[in-house]
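# Report on the structure
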Amino acid sequence: AIPRSLLEETLLACHFFLIVNTTFTMASSHLSGSSSSSSRHCRVVSSSQQQQQRFRNSRGPGRSSWAPPWVAMAKAREASEFLAGERVANLKDGAAVDGPDLSVTVNGIKFPNPFVIGSGPPGTNYAVMKKAFDEGWGGVICKTISLDAGAVHNVTPRYAKLKAHDNKQVLGWQNIELISDRPTEVMLAELKQLKEEYPDRVLIASLMEEYNKDRWDELIGRTIETGVDALEINFSCPHGMPERRMGAAMGQDCELLQDVTKWIADASTIPVWAKMTPNDINITSPGRVSLDNGIDGLAAINTIMSVMGINLKTLRPEPSVEGYSTPGGYSAAAVRPIALAKCMSLAKMIRDEYPGRSLSGIGGVETGKDAAEFLLIGADTVQVCTGVMLHGYPLIKTLCGGLQEFMEEHDFKSIDEFKGAALPYFTTHAELYRMQEEAIAAKKAAKVGLKNDAEWTGDGFQAETDSMVSNN
């Protein structure tokens, strides 16, 4: 077998040779005066130049984002190197063929594995959602749908990265992307088609609407007709058209949420998850309102409001659109500790007040062991969105493999055996102090030594002596 790295380098060299050869042919044709050939090549050059100029214009003044194809290939190779050495699971229709069982049942729905495509670009149309199922993802949540897609206007570029000092690993990712800009009827038709082609796989529709009961009733009714397994309500996009009281603007207002969650619970005949925003100081407040009104589960977290940075050459914010930007949602590995804290709070609330309700953990998951942390604090499923954008849909193989590896290390046969196992070990700082003081006092008491001469033993004489020394 030819080493993968050698194949990549060979392809890279061939691609470069093709570009050089094409450029040479174009120049030769121009010099030969062949009008038909020359005009054909000139059209190619013109198209390429126009494309480069559009890219430059989209990045704002002083920026050029065009890069030759081999740069993209090198970046793809870096992404694959991130997963080098990770265990690869053997999956069939998303289920593990061997090793520990990864299946979970949530709100009556059986997932072949706990990994779900999070709402966003990885679920933006039929082609990408089909790809996710074919690769083995346990479930797919489509990009958020609303009734008025015509009011959604995305821009580009709309992403920015925060990289480690080695300029390879992506620590943070910002997006200023809105919900789906595709016609509602098209998205719904594609969901219906997917359920017809993959009847046994879990497909979830993400919805967002204005504060209007009739609109919610219509959107939910039309969506359920497609045959999807569940709904996830987007109460959390930090830049999700707040002027229309949508997204986080609704999810952070418990009075609005009180009405809307009741409308949704009354209208839906299938399970509903409410997706929570981390931008609320107390994430349990909107979570409690949602569950009180009959919502079946919670999902957390959505992205964190952020400004990725300022370009020190152009002095403009990133991502730059015509030289300007706007705060957006922050995700990727850097948000995982925040996500774990928010999920821990929700998981404790569900355990104590709403047994039987579910939690889907989201935030910075790129490996199976990342996911294990969310499961250990009580999540039922784990969503991945940015991770797919960075590493591709085959990431599911290493996610499942890494999770199985963790399970084997602890001799867990199923996820139920360890779900929530870490949750009892979270407490308050005051309680930590009390427990530590008790432990210190117990250690001191244990060093008092012998009470009387009759307690001396020959075998433990040195240790018994040491136990009565005051300045050890």
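In this report, the structure presented in the accompanying data block is examined. (Residues numbered from 1 in each chain as written. Predicted model: local features only at pLDDT ≥ 70, side-chain atom pairs only at ≥ 80, totals over all residues. Heavy atoms only, no water.)

## A word on the overall build of the protein chain
Secondary structure summary: the protein chain contains 15 helices and 18 strands in total. Sequence separation of 24 or more characterises 71% of the internal contacts of the protein chain that already satisfy a separation of 6 or more. Within the structure as shown, the protein chain displays about 23,400 Å² of accessible surface, and the carbon and sulfur contribution to it stands at 55%. (Helix = DSSP H or I, 4+ residues; strand = E, 2+ residues; numbered from the N terminus. Contact = heavy atoms within 4.5 Å. Areas by Shrake-Rupley, 256 points an atom, 1.4 Å probe, with all protein chains shown as cover.)

## Details of helix 8 (residues 254-267)
Over its 14 residues, helix 8 runs 20 Å from end to end, which matches the ideal 20 Å to within 8%, given 1.5 Å per residue. Buried residues of helix 8: Leu256, Leu257, Val260, Thr261, Trp263 and Ile264, and no others. The buried residues of helix 8 occupy one face: seen down the axis, they fall within an arc of 160°. Exposed side of helix 8, more than 90 degrees from the buried face: Glu255 and Asp266 are the residues found there. Residues of helix 8 that are buried make contact with helix 6 (213-224), strand 10 (230-234), helix 7 (248-251), strand 11 (272-275) and helix 9 (284-292). At the N-terminal end of helix 8, a side-chain oxygen is found 3.1 Å from the backbone nitrogen of glutamate 255, two or three residues along, and the residue is aspartate 253. (Expected span 1.5 Å × (residues − 1). Buried < 20%, exposed > 50% of the residue type's maximum accessible area, 1.4 Å probe, protein only. Arc of directions from axis to C-beta. Polar contact = N/O pair within 3.5 Å; in protein donor to acceptor, adjacent residues only side chain to side chain.)

## Regarding the nonpolar core
Ranked by internal contacts, the top residues of the largest apolar core, which has 96 residues, are Trp137 and Leu403. With 8 residues, helix 10 (residues 336-353) is the single largest residue contributor to this core. Setting aside residues no more than four positions away along its own chain, leucine 403 makes contact with Leu102, Pro114, Phe115, Gly368, Ala372, Leu375, Ile415 and Phe418. With 7 residues, the next largest nonpolar core counts Leu178, Met208, Cys237 and Met246 among its residues. (Core = buried A, V, L, I, M, F, W, Y, C linked by side-chain atoms within 4.5 Å.)

## Structural notes on the packing of helix 9 against helix 10
For any two helices packed against each other, one specifies the inter-axial angle together with the distance between the axes. Across the interface, helix 9 lies against helix 10 with an axial gap of 10 Å and an inter-helix angle of 40°. Crossing hand, helix 9 versus helix 10: right-handed. Residue-level contacts link Thr284, Gly287, Arg288 and Leu291 of helix 9 to Ser345, Leu346, Met349, Ile350 and Glu353 of helix 10. Of the residues in the contact of helix 9 with helix 10, the class split is 4 nonpolar, 3 polar and 2 charged. (Axes fitted to C-alpha atoms, helices over the stretch in contact; angles between N-to-C directions. Left-handed = near helix turned anticlockwise from the far one by under 90°. Nonpolar A, V, L, I, M, F, W, Y, C, P; charged D, E, K, R; others polar.)

## Some remarks on the pairing of strand 9 (residues 202-207)
Along strand 9, 6 of the 6 residues are buried, which leaves the element largely enclosed by surrounding structure. Burial along strand 9 is two-sided: the face carrying Val202, Ile204 and Ser206 and the face carrying Leu203, Ala205 and Leu207 are both buried. The pairing of strand 6 (residues 139-141) with strand 9 spans 3 bridges and is classified as parallel. Bridging across to strand 9, valine 140 finds its partner in leucine 203. Pairing geometry for strand 9 and strand 10, over 4 bridges, is parallel. Paired with leucine 207 across the bridge in strand 10 is isoleucine 233. At this point the chain moves from strand 9, through helix 6, to the parallel strand 10, and the crossover so formed is right-handed. (Pairing = 2+ DSSP bridges. Right-handed = clockwise from strand over helix to strand, strands pointing away.)

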